[in-house]
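Structure assessment
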Amino acid sequence: MHIAVVGAGAVGVASAYLLSRAGHRVTLIDAQEEPGRGASAGNAAQLSWAYGDAMASPALLKHLPAILAGRDPAFRIRLRLDPDFLLWGLRFLANMSAQRWWSNTQDILRLAAESRQEMALLLAEADITFDYRVAGKLHLYPNIANLSAARPAVERKKAMGIDQRMLSRLEAEAVEPALKAYQGEIAGAVYTPDDALGDAAIFCRQLTDFAVRTYGVSTAFGNTVAGFEQHRGRLSAVRFTDRAPLAVDAAVVTAGPQIRSLATSLREAREIQPVSGYSLTVPWCRGAPLVSLTDVKRKLAFAAIGNRFRVAGLADLGLPGAGFAPDRFAVLREAANTVLPGCFGQAESEQCWAGERPMTPSSRPRIAPSRNIRGIYINAGHGMLGWTLALGSARRLVELIA
Ligand SMILES: Cc1cc2nc3c(=O)[nH]c(=O)nc-3n(C[C@H](O)[C@H](O)[C@H](O)COP(=O)(O)OP(=O)(O)OC[C@H]3O[C@@H](n4cnc5c(N)ncnc54)[C@H](O)[C@@H]3O)c2cc1C
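Let us look at the structure shown here. (Residues numbered from 1 in each chain as written. Predicted model: local features only at pLDDT ≥ 70, side-chain atom pairs only at ≥ 80, totals over all residues. Heavy atoms only, no water.)

1. Quick notes on the packing of helix α4 (residues 98–125) against helix α7 (residues 200–215)
Taken N-terminus to C-terminus, the directions of α4 and α7 make an angle of 60°; their axes are 12 Å apart at the nearest point. On the basis of the axis angle, α4 is oblique to α7. Handedness of the crossing formed by α4 with α7: left-handed. Contact residues: α4 offers Met119, Leu122 and Glu125, while α7 offers Phe203, Leu207, Phe210 and Tyr215. Residues that form the contact of α4 with α7 fall into these classes: 6 nonpolar, no polar and 1 charged. (Axes fitted to C-alpha atoms, helices over the stretch in contact; angles between N-to-C directions. Helix = DSSP H or I, 4+ residues; strand = E, 2+ residues; numbered from the N terminus. Parallel < 35°, antiparallel > 145°, perpendicular 65-115°, else oblique. Left-handed = near helix turned anticlockwise from the far one by under 90°. Contact = heavy atoms within 4.5 Å. Nonpolar A, V, L, I, M, F, W, Y, C, P; charged D, E, K, R; others polar.)

In structure tokens, the structure reads:
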């Protein structure tokens, strides 16, 4: 079967790889000139096999008044009178109950476990390097109340066979000695030793090259998909803004946050909202931690990626079209420098990046046939965890198409 994969971010490249490995003829398409330039480019690099928490949660609901009043710099919400946005917001609210949060989180964790298995298979098969490392991760809790509130979820995840450990500050410092100099509040930590990291942009480029070389994947980069042609309700070709249509038997839409540009053809695209985030990357900084850190109070993620150090964070909803937002980078830089003084804002080579998380209200990605056109499959809406979930989602997609 000839399958077009529309979008070459982490999810699209993983899909193209596994579809071609399963014997399909694949054309991987992207509007950009190379893979991995969208939401996957400058993310926090975390392969969070053991984390996977859905965004809509009782804790976020409790914090919502402070966010809406603009008292938490990590979040910015602008309410829009757009029916899709309002419906998405209502569905997001409906997912904030303890029951829904845990059900969504369990689903995400199962998908993350499948991703982890696929990553092991990939690393055994392909000679690709993308600064992959099993770094482990420490979630730093600022006070005893927050730490105690985290305990029930840790116990539930342990019952699922996931290695999560509650640590005191001293125990956390033994895992990551750089924490001795950490200027943020630490009452204790949740440690996930199996969590890994890697550069998603390099992964996209290297895995594309590997799939081209090994499984004969064709690429069409620098080509923007405008929609789809159908015959009696079944897909017949992919239509472009800038070249002749491509006749295919099936198409997989992995367009990340930009899936909304295809909303006239695909109803599902309207169920995904972009949530902007930002990152700063500097050359290796003295005293920086090697274990990945999440500062729960400030919603910051720190990662040592190869010879670089990155901080990522912030979540802006209702402000689509993430771009260069100097005020948001200043918020991120200030928060990061509060806890790890001197790392950010010093190097001339500091790279500022903004991206959009493609969020569904439940944080669970949509991996399903399109409800509009037979022969089209959606693999999108991976939110805060698209890099983590890419390979597992691709595996499910292959099973779905089979
Ligand atoms: C600040 C931040 C930190 C994050 N940290 C993490 C993390 O640590 N771990 C984690 O797992 N996830 C993280 N994420 C989330 C993760 O980056 C995303 O979920 C993931 O990148 C989504 O991948 P994707 O392939 O679906 O989308 P993308 O990477 O955006 O890829 C979509 C591609 O489709 C192309 N495209 C779109 N429309 C068209 C069209 N019409 N025609 C042709 N091409 C098209 C785009 O050019 C793009 O290349 C983070 C996100 C942000 C913003």
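Now that the structure has been shown, the text picks up again.
2. Looking at the packing of aromatic side chains
One pass over the structure, following the stated rule, counts 14 aromatic pairs. Geometrically, the ring pair formed by tryptophan 88 and phenylalanine 92 is stacked, given 5.1 Å between the ring centres and 15° between the ring planes. With tryptophan 88 and phenylalanine 92 both in helix α3 (residues 83–94) and 4 residues apart, this pair spans about one turn of that helix. When sorted by exposure, tryptophan 88 lands in the same class as phenylalanine 92, which is buried. Ring centres of phenylalanine 309 and phenylalanine 344 lie 5.7 Å apart, and the angle between their planes is 25°; this geometry places the pair in the stacked category. Taken as a pair, phenylalanine 309 in strand β17 (residues 308–317) and phenylalanine 344 in the loop between α8 (326–339) and β18 (351–359) lie far apart in primary sequence, 35 residues in all. You'll find phenylalanine 309 and phenylalanine 344 in the same group, each marked buried. (Phe/Tyr/Trp six-rings, centres within 6.5 Å; stacked < 30°, edge-to-face > 60°. Buried < 20%, exposed > 50% of the residue type's maximum accessible area, 1.4 Å probe, protein only.)

3. Section: α3
Along its 12 residues, α3 runs 17 Å from first to last C-alpha, staying within 8% of the 16 Å computed at 1.5 Å per residue. All of the buried residues in α3 are Asp84, Phe85, Trp88 and Phe92. Looking straight down α3, one finds that the buried residues subtend no more than 95° of arc, so they occupy a single side. Exposed residues lying more than 90 degrees from the buried face of α3 are Pro83 and Leu90. Lining the buried residues of α3 we find α2 (58–68), β14 (273–283), β17 and β18. Sitting at the head of α3, aspartate 82 places a side-chain oxygen 3.0 Å from the backbone nitrogen of aspartate 84. (Expected span 1.5 Å × (residues − 1). Arc of directions from axis to C-beta. Polar contact = N/O pair within 3.5 Å; in protein donor to acceptor, adjacent residues only side chain to side chain.)

4. Some details on α7
Taking 1.5 Å of rise per residue, 16 residues should cover 22 Å, and α7 covers 21 Å from first to last C-alpha, within 8% of that figure. Those residues of α7 not exposed but buried are Ala200, Ala201, Phe203, Cys204, Leu207, Thr208, Phe210 and Ala211. Against the buried residues of α7 lie α1 (10–21), β2 (25–30), α4, β9 (218–221) and α9 (386–401). Near the N-terminus of α7, the side chain that reaches the backbone nitrogen of alanine 201, with its oxygen 2.9 Å away, is that of aspartate 199. Count one or two residues on from α7 and you reach glycine 216, which has phi positive near 70°.

5. Describing the nonpolar core
Among the nonpolar cores identified, the biggest contains 48 residues, and Leu19, Met119, Leu122 and Phe203 are the most heavily contacted of them. Beyond its immediate stretch of four places on either side in the chain, phenylalanine 203 contacts Met119, Leu122, Ile128, Phe130, Thr208, Trp387 and Leu391. One finds Phe85, Val282, Ala288 and Phe344 within the second-largest nonpolar core, a separate group that totals 46 residues. (Core = buried A, V, L, I, M, F, W, Y, C linked by side-chain atoms within 4.5 Å.)

6. Notes on the site of the ligand
Looking at the ligand, there are 37 residues lining it, with Asp30, Ala39, Ser40, Gly383 and Thr388 nearest. One of the backbone nitrogen or oxygen atoms of valine 225 is found 2.9 Å away from a nitrogen atom of the ligand. One nitrogen or oxygen atom from the main chain of glycine 383 is found 2.7 Å from an oxygen atom belonging to the ligand. Looking at the shell around the ligand, the element that brings in the most residues is β18, giving 4 residues. (Near = heavy atom within 4 Å.)

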